[in-house]
Amino acid sequence: MKHTLHKRGLWLLTLLVTLVFALGMTAQAAGVQISQKSLKLAIGQDAVLSVIGTTKQATFTSSNTKVASVGKKSGRVTVKKAGTATITARVGKKSYKCKVTVTEGDYKKLYREFLAANRRSIGKFYVLNVDKKGCPELITIPTGLGGAIIHYDVYTVKSNKVVLAGSYAAKGMGSYVYYSAKSKGLYASGWTNFIGGAWGNLFGISKYKLVQTHHMRAASNPKYVYYTGKTDTLAKKVSKSAYNKYFNKYYKGYKKYRMLDNTTANREKL
């Protein structure tokens, strides 16, 4: 009889431990979730997702990278254009989803207000989506345009604010924005004083910053010498055929867009 009671006691203890363990696992599983199940973002905004309730590393993917991409390990969501996408976070065999809705947002309104507030210092402007994702950039020329050298300022929207991405200069390009869709770059060119020849630069957008991506130049005095590279200082001497190949690969086919006067009527066209 005592032996039977002992076996029954062990059985009850085992059952209790099993139940406690199972309940603990269930509670842990129920506590694991994605930080947000839905997001509404405007172009120019981003967000970071995470999986809470676990110490395991999550892996993130997007169902529509043309609308919103996501860092595989970081969970940082970067929007590209209006639309919807589902971000999936995987932890082991489990997956957790967040629906992302991207809207055009108020970047046009922000640019209008910015241009109006700076109408005395900004003479001309043009809006162009340089990297073909996220918020289009606002490219401006200061008031009092004159002389051969043209100074451009490039703005974008970050966290619902207009911020300066960077600046560049060109020679003899007038009131136009030159752009290479092939390289997703703003094109600037000019001539080289004293030694003769010409140069051309391309600038792109990376993480809300204007960055130089390509450079080429030719010096013509006393004879032609050619250079290509990322920047002026990093460029290397190349043959004429390599120089022409470089141009055809990155620069050829660029277009120019006439900039608009910073007037009320033109601002309303945004």
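Rules and cut-offs
- Residues numbered from 1 in each chain as written.
- Predicted model: local features only at pLDDT ≥ 70, side-chain atom pairs only at ≥ 80, totals over all residues.
- Heavy atoms only, no water.
- Pairing = 2+ DSSP bridges.
- Helix = DSSP H or I, 4+ residues; strand = E, 2+ residues; numbered from the N terminus.
- Axes fitted to C-alpha atoms, helices over the stretch in contact; angles between N-to-C directions.
- Contact = heavy atoms within 4.5 Å.
- Buried < 20%, exposed > 50% of the residue type's maximum accessible area, 1.4 Å probe, protein only.
- 1 Å grid on protein atoms, 1.4 Å probe; cavity = no way out; pocket = protein on both sides within 12 Å on 5 of 7 lines; lining within 4 Å.
- Points joined across faces, edges and corners; volume = space filled by probe spheres on them.
- Phe/Tyr/Trp six-rings, centres within 6.5 Å; stacked < 30°, edge-to-face > 60°.
- Lys NZ or Arg CZ within 6 Å of the ring centre and 35° of its normal.
- Arc of directions from axis to C-beta.
- pLDDT = per-residue confidence, 0-100.

If you walk across this open sheet you meet the seven strands as β19-β18-β17-β16-β15-β14-β20, and the pairing is antiparallel. Each of the sheet's edge strands pairs with one partner strand only, and the pair in question is β19 (236–238) and β20 (255–258). Between one strand and the next, the sheet's axes are offset by a mean angle of 35°, whatever the strand orientation. Running over the sheet, helix α3 (residues 240–250) touches β14 (176–180), β16 (198–206), β17 (209–219), β18 (225–229) and β19 and is turned about 145° from β17.

Next up on the list: the environment of Lys237. Along the chain, Lys237 falls in strand β19. Residue Lys237 is classed as exposed on the basis of its relative accessible area of 61%. Through-space distance from the C-alpha of Lys237 to that of Tyr226 is 5.6 Å; in sequence the pair is 11 residues apart.

Before going further, it helps to examine the layout of surface pockets. Volume-wise, the largest pocket comes out at about 440 Å³. Looking at the largest pocket, it is lined by 17 residues, and the ones nearest its centre are Thr78, Asp131, Lys133, Lys207 and Tyr208. When contributions to the lining of the largest pocket are tallied by element, the ones reaching two or more residues are β7 (76–79), β12 (149–158) and β16.

The next point concerns the packing of aromatic side chains. For the coordinates displayed, the defined rule picks out 15 aromatic pairs. Here the aromatic rings of Tyr152 and Tyr168 are separated by 4.7 Å at their centres, their planes lie at 10°, and the arrangement is stacked. Of this pair, Tyr152 sits in strand β12 while Tyr168 sits in strand β13 (residues 161–171), and the two are 16 residues apart along the sequence. The pair Tyr152 / Tyr168 is uniform in exposure class, with both members buried. Each member of the aromatic cluster is reached from another via a ring pair, and the members are Tyr176, Tyr178, Tyr187, Tyr246, Phe247, Tyr250, Tyr251 and Tyr254. Sitting over the face of the ring of Tyr176, Lys256 holds its NZ or CZ atom 4.4 Å from the ring centroid.

Attention shifts here to helix α2 (residues 107–117). Since one α-helical turn is 3.6 residues long, residues separated by three or four positions face the same way. Buried residues of α2: Tyr107, Leu110, Tyr111, Phe114 and Leu115, and no others. What you see down the axis of α2 is that its buried residues fit within an arc of 125°, all on one side. Among the structural elements, β10 (122–128), β11 (137–142), β12, β13 and α4 (264–267) are those in contact with the buried residues of α2.

Along the chain, Phe114 falls in helix α2. Accessibility expressed as a relative area gives 18% for Phe114, which makes it buried. In sequence terms Phe114 and Arg267 are 153 residues apart; their C-alpha atoms lie 10.0 Å from each other. Residues in contact with Phe114, not counting those within four places in the same chain, are Ile122, Leu138, Tyr155 and Val162.

On to the confidence of the model for the protein, then. Within the protein, residue pLDDT values average 87, and 86% of them lie at 70 or more. Of all secondary-structure elements in the protein, the lowest mean pLDDT belongs to helix α1 (residues 2–31), at 52, while β10 reaches the highest, 97.

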